[in-house]
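Each chain, written out:
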Amino acid sequence: MERVNIFAPKTLARDFTAGIVVFLVALPLCLGIALASGAPLFSGLLAGIVGGIVIGALSGSHASVSGPAAGLTAIVATQIGVLGSFEAFLLAIVVGGLIQIGLGLAKAGFLAAFFPTSVIKGLLAAIGIILILKQLPYVLGHQSFEPGPAHQEMEGDLSYNQPGHENPFLSLLELLEGEYHFGPLLIGLFSIAFLVGWDKIKVLKNSLVPSPLLVVLMGVGGTLIFNRFGGMWGVGEEQHVQVPVAESVGEFIGFLTMPDFTQLLSFAGVWAVMGAGLTIAVVASLETLLNCEAVDNLDPKKRATPANRELLAQGIGNVTCGLIGGLPVTSVVVRGSVNVGAGAQTKLSAMFHGWLLLGFVMLLPQYLNMIPLSCLAAILMVTGFKLASPKLMRQMWDEGRSQFFPFIITVIAIVMTDLLIGILIGLGVALAFILYSNYRRSINRVSEKHIGGEILRIELPNQVSFLNRPALERVLRSVPEGGHILLDATHTDYVDPDVLHLIRDFRDNVSKLQGCHVSLRGFRCDYKLEDHIQFVDFTTRELQRDLTPAKVVTLLKEGNERFRKDQRLARDWRQARETANAQFPMAVIVSCMDSRLLAETIFDLGIGDVLNICLAGNSIHGRSAIASAEYGCAISGTKLILVLGHTNSSVIRAIVEASTCTDEEIAHRWGTHFKNVVENIRPSIDTDVAQRFQELSAEEQERFIDEVSLEHTKRSIMLLMEESDTIRQLVESGKLGIAGAMYDLRDGRITFPPECTIGFELPQLPETVDHRPQQLYASPYDTVQAT
């Protein structure tokens, strides 16, 4: 993570204004969550203060903001009832915090990496939808319920079902029959219009003044105006923020609550407290890791939160909350998203929000109580729309069903149940897609055409778990009678014992019943699956005897296609070992001494497959060159001589330029003996063009060089027939063929001109040969990548 100076002057102003906005949004949430949990109101405020000051200082996140967690509401309410008192529950919070500290020290934060992106985006979208549903009544000035806990629950609890079997949809239906206050209605609608319009104007959006802060100020002003009219226009006390007011510092300190340590005096009490603490630790840690990752996705600077440090900070924060009477805290998506949207630059904004909560709650609670809920609800509604925008829905749909279904099911589950249950349901759906994908696509199979025949190579993934077993078993069972399969674990670090048992059983028993052959390569020594290759991937005496010139050209063409598509056959040192005592090459390749013309590479060949004669400009006129070609044919038994030229040859260019020079000039510029090469290739050069070569354009020069290379290739083939009785007799007897080819440096393609073939007919192959690795089974869920 990049180093950030949180006290840099250019970021302080943005952080301070963002902290104000988060403070204004967090205030009603702290109160609402406390009320929905059945806990004292002040416990929610304390949790917000600790989340900002303590966790904000210790956390490594620059975007997330911590506070009382809506997802823990049901757990808090249940555990308070189980433990019998709020003070006993505070002790459980301390225990949960200590467990979180232990998780942080044990570096358990890696667990966050196992949560799919679709579930995290579903979490964000669901919270956005819940915010919209629950804030809409306040924005519209609805007044069909009594003030108190019920209306605060809609502000704070992020779950679909409310106490008394109420939910946001029923509340929306009540809008048609309830009492309306037009003052809050106009404040709410104007606030939404102002926020949306502000974001549409780039200059305003990038300014230091956050629009939510202006909305709050205008809301207070609007309240003062509408209250003058009274009646349906007035903004009642129940439609304002309600902060407990302390008359003195002593009374404020009196709001603090100590945990009940007497619970530790009995076995039943210890058991109950430890169980509640473990529940809080697990759920709070899970929510924190998910929420941090979600907020990191919103951060424009894409800074990553150090997970282990975050667990440690959250643990210390929860211990602090438990000791002074606060609710359990986690990283909270709503606060974090508002923080990012308000332009926060560093974690100082979270700390500012905590200090503001403390200062205003201690010193100015009466002024906070002037803020109308409708303008705060408008801020949350706009934030919710950003989290659950139609653009996000379209994006997830475009990414395929394997991403969209876990996403949308997570959204629905969270809205219809609660945060934790919804996440677990979403994870279950995502896991089902992953299992299905592993079953269908976790194994790559590659059909390879070796010199000895066709081999089905199975590329095992880096980690082979029990999830891969069904797919691998289907592959093994599909090998036909007489087929040959290679299980390649060259790039595999781990293989599950169940999979090892499957492989051993197939090798020792099933393959014999199916009548197929099994080769193994690359397994670790401790797996007791030694390398065992039963196919031939180099030229042997028997294979060489059965080859024909046309078959050799076919193998060369297929190898060049693999090279061009970067799908070369997997080879190892076994070829060097097996050919150490004898070689049975299939061809002699006469090529230019060019660093870009490596025959084994561009034809995808192995050790022992061909003999190479490399000469400057492919000048084969010398006795040594012809003698080498004769040795390869007559003694080594090759079935083809291939004269291989190439495009844009730097040697041919030098020869063309030297063809119009004297011997002295050639010796001075290119070397004493270079004139011999020039004389050998001069008959292939059009003298008239060579005289004005420097006057040609670069494109014309390159074209002329390629023409000389091709013409020289033709002449070299005829020269071999004329100068060597041995080669001519082998060609006439049908034991040898000669071919010419041109290699294009630009795209790697090798062409075989028909006019450059002697002694056999050039085989006809498709223009493009597809050697891509084939997936065993096509999956409709094509956005999930194979493991």
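Residues numbered from 1 in each chain as written. Predicted model: local features only at pLDDT ≥ 70, side-chain atom pairs only at ≥ 80, totals over all residues. Heavy atoms only, no water.

Enquirer: What is the right way to read the side chain of Ser-636 from this model?
Expert: Here Ser-636 shows up in the loop between α27 (623-635) and β11 (640-646). According to the relative accessible area criterion, Ser-636 is buried, its value standing at 9%. (Helix = DSSP H or I, 4+ residues; strand = E, 2+ residues; numbered from the N terminus. Buried < 20%, exposed > 50% of the residue type's maximum accessible area, 1.4 Å probe, protein only.)

Enquirer: Looking at this structure, how should I read helix α10 (residues 211-229)?
Expert: An ideal rise of 1.5 Å per residue puts 27 Å on 19 residues; α10 measures up with 27 Å between its terminal C-alpha atoms. Once α10 finishes, Gly-230 follows within two positions and takes phi at roughly 70°, a positive value. (Expected span 1.5 Å × (residues − 1).)

Enquirer: How should the environment of Phe-704 be read in this particular structure?
Expert: Following the sequence through the fold, Phe-704 ends up in helix α32 (residues 698-723). If we ignore the near neighbours within four places in the chain, the residues touching Phe-704 are Val-656, Ile-685, Asp-686, Val-689, Ala-690 and Phe-693. (Contact = heavy atoms within 4.5 Å.)

Enquirer: When you look at the packing of helix α5 (residues 117-139) against helix α12 (residues 267-298) in this model, what are you seeing that I'm missing?
Expert: Helix packing for two helices is described by the angle between their axes and how far apart those axes are. For the pair α5 and α12, the least separation of the axes is 10 Å and the interaxial angle reads 85°. Put simply, α5 runs roughly perpendicular to α12. Taken together, the residues of α12 that come into contact with α5 (itself represented by Ile-120, Leu-123 and Leu-124) are Leu-290, Asn-291, Glu-293, Ala-294, Asn-297 and Leu-298. Considered class by class, the residues forming the contact of α5 with α12 number six nonpolar, two polar and one charged. (Axes fitted to C-alpha atoms, helices over the stretch in contact; angles between N-to-C directions. Parallel < 35°, antiparallel > 145°, perpendicular 65-115°, else oblique. Nonpolar A, V, L, I, M, F, W, Y, C, P; charged D, E, K, R; others polar.)

Enquirer: Help me understand the nonpolar core, please; the structure alone is not making it clear to me.
Expert: Core analysis: the biggest nonpolar cluster contains 71 residues, and Leu-24, Val-334, Ile-371 and Phe-407 have the highest contact counts within it. When residues in this core are grouped by element, the largest group, 11 residues, is from helix α1 (residues 9-36). Residues in contact with Phe-407, not counting those within four places in the same chain, are Ser-118, Lys-121, Gly-122, Ala-125, Leu-392, Met-393 and Met-396. In this structure, Val-610, Val-651, Ile-666 and Tyr-743 belong to the second largest nonpolar core, which totals 44 residues. (Core = buried A, V, L, I, M, F, W, Y, C linked by side-chain atoms within 4.5 Å.)

Enquirer: Explain a nonpolar patch on the surface to me, please; I cannot follow it from the model alone.
Expert: A contiguous nonpolar patch, built from Phe-182, Leu-186, Ile-225, Phe-229, Met-232 and Trp-233 and spanning about 580 Å² of accessible area, is present on the exposed surface. Looking at the nonpolar patch, the elements with two or more residues in it are α8 (182-200) and α10. By the secondary structure assignment, Trp-233 is in the loop between α10 and α11 (249-254). (Patch = residues over 30% accessible without salt bridge, like charges linked within 9 Å, V, L, I, M, F, W, Y side chains within 5 Å. Areas by Shrake-Rupley, 256 points an atom, 1.4 Å probe, with all protein chains shown as cover. Salt bridge = Lys/Arg side-chain N within 4 Å of Asp/Glu carboxyl O.)

Enquirer: Explanation requested: the confidence of the model for the protein in the structure shown.
Expert: Parts of the prediction with low pLDDT should not have their coordinates interpreted in detail. A residue-level look at the protein finds 86% of positions with pLDDT of 70 or above and a mean pLDDT of 80. Of the regions scoring below 50 in pLDDT, residues 144-166 engages in 66 contacts with residues more than four places distant in sequence or in other chains. Contacts from residues 767-787, a stretch scored under 50 in pLDDT, to residues over four places away or in other chains number 54 contacts. (pLDDT = per-residue confidence, 0-100.)

Enquirer: I would appreciate a short explanation of the packing of aromatic side chains in the present structure.
Expert: The geometry of an aromatic ring pair is captured by the separation of the ring centres together with the interplanar angle, meaning the angle of the planes. Tallying each qualifying case throughout the model produces 12 aromatic pairs. Considering the side-chain rings of Phe-267 and Trp-271, the 6.3 Å spacing of their centres and the 20° angle between planes classify their relative orientation as stacked. One end of the pair is Phe-267 and the other is Trp-271, both in helix α12 and four residues apart, which spans about a single turn. The same class applies to Phe-267 and to Trp-271, which are both exposed. An aromatic cluster is present here, built from Trp-397, Phe-404, Phe-405, Phe-407 and Phe-433 joined pairwise through their rings. (Phe/Tyr/Trp six-rings, centres within 6.5 Å; stacked < 30°, edge-to-face > 60°.)

Enquirer: Hey, could you run me through the environment of Ile-655 in this one?
Expert: Tracing the sequence through the fold places Ile-655 in helix α28 (residues 650-658). Its relative accessible area of 0% is what places Ile-655 among the buried residues. Considered as a pair, Ile-655 and Glu-679 are 24 residues apart in the sequence and their alpha carbons are 9.0 Å apart. Excluding anything up to four places from it in sequence, Ile-655 contacts Gly-617, Phe-674, Val-677, Val-678, Ile-681 and Ile-685.

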